[in-house]
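The lines below spell out each chain.
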Amino acid sequence: MSRLRGIPPGILIIRSIRGTDWSLKTYRYLILLVTFIAYTAYHASRKPSSIVKSVLDPLPLKDSNHVLPWPIGDVFIKSNLNDTTNSEDQGWAPFNGKDGTSKLGEIDVAFLAVYSLGMYVAGHLGDTLDLRLFLTTGMIASGIFVGLFGMGYFWNVHKFWYFLAMQMLAGLFQATGWPSVVAVIGNWFGKRRRGLIMGVWNAHTSVGNISGSLLAASVLDYGWGWSFILPGAFIVVAGVMVYLFLAAYPEDVGFPYPSDSSPNARGTIRDDTMWEEGTSNDEEAPVPRISSVNRKGVGFVGACFIPGVIPFALCLFFSKLVAYTFLFWLPFYLSQTEIGGERMSVKSAGNLSTLFDVGGIVGGILAGYISDKLRARATTAASFMYAAIPSMLLYRSYGNISKTTNIILMIIAGLFVNGPYALITTAVSADLGTHSSLKGDSRALATVTAIIDGTGSIGAALGPLLTGFLSTKGWDAVFAMLMIGACIAGLLLSRLVCTELTDRTASNSPRGLSNVQVQAPLSQSLLRDGRR
């Protein structure tokens, strides 16, 4: 019975109905789908606050016509300067006063601060507790607090502390998401194609942003409270789906762990080709097993000493600083900048800014594919960060020539800015969490992911904050900060890049070919135990 403790109830029901079990390949597709929907729901539940800001704190410039958000409505709408209504009898106290905008900003910073700090704790808990139950609890609790923020509309709440507390509690439980889903993907997929698979899978971030915007906007006319309740209900339903169908570990449904990084671990298959092609689980061909409940976690300090964790965490600090500055400030920048001799409306600027995410999707997939082919995560991430510097300079210098030029340069900038961000938070985190220095059954996927992404989230909070001050001196100062941040992010990986290039050169030389293993595990060259 101990072997069945981790089997999700939904899978047990399907087994009883079908009479046979699924193949390994089917389980892997199921894991990709369930985790994709799960983190889509996480991001969708974060979008309502940005959608309702103009309702809570009405902007001085209004569009004369009601326009649906992109991709339903038009992307470009000229700014209407005639309607300047902005009286305090509109909006929602306490956000419709003179300090309303700053209060909305304080809520955003509080959310990101609690989220980044909670990430460190959530990562260790994810490696200690049952990942399926941990993720389910975080999703349902997050949905509840997102919904309670919206209930402030129906309960006629006008206390700032109430909305601040709801956002902080939502941010705390939101921190359970990323370490958990990356850990699950890392448990089910070997390293050989992990970069490409996770690059495609990471599109859930942009899908969640767009779906959250559409959900929140679709019910905005019925009261801004519904814009929080609907996405909150979405993540709760997704949490129930996770509880029913997510097998966090292959062992929980009878398959061995695909360990190509821990040769001494019991219950593993060393033949990665067998894992890639998939096998069927049946009683006639038993496989060695180790129950996931017997795994032992790795402490926070121990995870920090895994080679490569600290450099990648610091790199992500500056990478997310750049990426989240675009996320929070790009719509405002577009509304304040003449493009082709015209200024666009605030809503139109928000619609256009989503194209930055489109470039990010392409960048994440491309970075994952290149890193798989080159077998060099650090080199790929650093190259993208260096390429982001001229792309941002070109966007700032020539993005105002025309709308077409702006779109093209924005997508290119999004590709290079979000590419390494997606690579580090997915494939790199999973690689390091299954590093060969973790001997025996020790696991550190969620903890490592939390350390890397938690450090990056601090940069995500700092970037928009600094932009608020620097933008008063001009946008050239903001873009200078972004380019410096991208340069530092690349430099922080220099030692790992040198290690990768040295090992690659040695392996390609006639003398080195006799000493190197064929198809060595991905990233082990730059993350070898003896090199710290």
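Before going into details, it helps to say that this report is about the structure given with it. Treat the numbers as computed from the prediction; the structure is a model and nothing was measured.

Structural notes on the packing of helix α2 (residues 24-44) against helix α10 (residues 226-245)
(1) Moving on: In the contact formed by α2 and α10, the axes pass within 9 Å of each other and the chain directions differ by 155°. Classed by the angle they form, the pair α2 and α10 counts as roughly antiparallel. The handedness of the crossing between α2 and α10 comes out as left-handed. Contacts between α2 and α10 involve Leu30, Val34, Ile37, Ala38, Thr40, Ala41, Tyr42 and Ala44 from the former and Pro231, Phe234, Ile235, Ala238, Met241, Val242 and Phe245 from the latter.
(2) Moving on: In the contact of α2 with α10, the residues fall into 14 nonpolar, 1 polar and no charged.

Some details on helix α5 (residues 131-154)
(1) Moving on: The end-to-end C-alpha distance of α5, which contains 24 residues, comes to 35 Å, matching closely the 34 Å that a straight helix rising 1.5 Å per residue would cover.
(2) Moving on: Of the residues that open α5, the one with a side-chain oxygen 2.9 Å from the backbone nitrogen of Arg132 is Asp130.
(3) Moving on: The positive-phi residue at the C-terminal boundary of α5 is Asn156, with phi of around 60°.

Re unusual backbone geometry
(1) Moving on: Backbone torsion omega between Ala93 and Pro94 reads 10°, so that peptide bond is classified as cis.
(2) Moving on: With respect to the helices, strands and loops of the structure, Pro94 is situated in the loop between α3 (48-56) and α4 (100-128).
(3) Moving on: In this model, Asn156 sits at a positive phi of 60°, which is unusual for a non-glycine residue.
(4) Moving on: Positive phi outside glycine occurs at Arg375, with the angle close to 55°.
(5) Moving on: Relative to the elements of secondary structure, Arg375 occurs in the loop between α14 (346-374) and α15 (377-398).
(6) Moving on: A relative accessible area of 28% places Arg375 in the partly exposed class.

Observations regarding a nonpolar patch on the surface
(1) Moving on: A cluster of nonpolar side chains, namely Val109, Leu462, Leu465, Leu466 and Phe469, defines an oily patch on the protein surface of about 410 Å² accessible area.
(2) Moving on: Turning to its location among the elements, Leu466 is positioned in helix α17 (residues 445-470).
(3) Moving on: The exposure class of Leu466 is partly exposed, given its relative accessible area of 32%.

With respect to the packing of aromatic side chains
(1) Moving on: In the structure shown here, the tally under the stated rule is 31 aromatic pairs.
(2) Moving on: Consider the rings of Trp92 and Trp224, whose centres lie 5.4 Å apart with planes at 80°: the pair is edge-to-face. Highlighted residues: Trp92 in the loop between α3 and α4 and Trp224 in the loop between α9 (204-218) and α10, separated in sequence by 132 residues.
(3) Moving on: Judged by relative accessible area, Trp224 falls into the buried class, the value being 4%.
(4) Moving on: Ring plane angle 80° and centroid distance 6.3 Å describe the contact between Trp161 and Tyr162, whose orientation is recorded as edge-to-face.
(5) Moving on: The class for Tyr162 is buried, based on a relative accessible area of 11%.
(6) Moving on: What links up through ring pairs into an aromatic cluster is the set Trp92, Phe95, Phe149, Tyr153, Phe154, Phe160, Trp161, Tyr162, Phe163, Trp224, Trp226 and Phe228.
(7) Moving on: Across the ring face of Phe160, the terminal group of Lys103 is positioned such that the distance to the ring centre comes to 5.7 Å.

Criteria and thresholds
- Residues numbered from 1 in each chain as written.
- Predicted model: local features only at pLDDT ≥ 70, side-chain atom pairs only at ≥ 80, totals over all residues.
- Heavy atoms only, no water.
- Axes fitted to C-alpha atoms, helices over the stretch in contact; angles between N-to-C directions.
- Helix = DSSP H or I, 4+ residues; strand = E, 2+ residues; numbered from the N terminus.
- Parallel < 35°, antiparallel > 145°, perpendicular 65-115°, else oblique.
- Left-handed = near helix turned anticlockwise from the far one by under 90°.
- Contact = heavy atoms within 4.5 Å.
- Nonpolar A, V, L, I, M, F, W, Y, C, P; charged D, E, K, R; others polar.
- Expected span 1.5 Å × (residues − 1).
- Polar contact = N/O pair within 3.5 Å; in protein donor to acceptor, adjacent residues only side chain to side chain.
- Buried < 20%, exposed > 50% of the residue type's maximum accessible area, 1.4 Å probe, protein only.
- Patch = residues over 30% accessible without salt bridge, like charges linked within 9 Å, V, L, I, M, F, W, Y side chains within 5 Å.
- Areas by Shrake-Rupley, 256 points an atom, 1.4 Å probe, with all protein chains shown as cover.
- Salt bridge = Lys/Arg side-chain N within 4 Å of Asp/Glu carboxyl O.
- Phe/Tyr/Trp six-rings, centres within 6.5 Å; stacked < 30°, edge-to-face > 60°.
- Lys NZ or Arg CZ within 6 Å of the ring centre and 35° of its normal.

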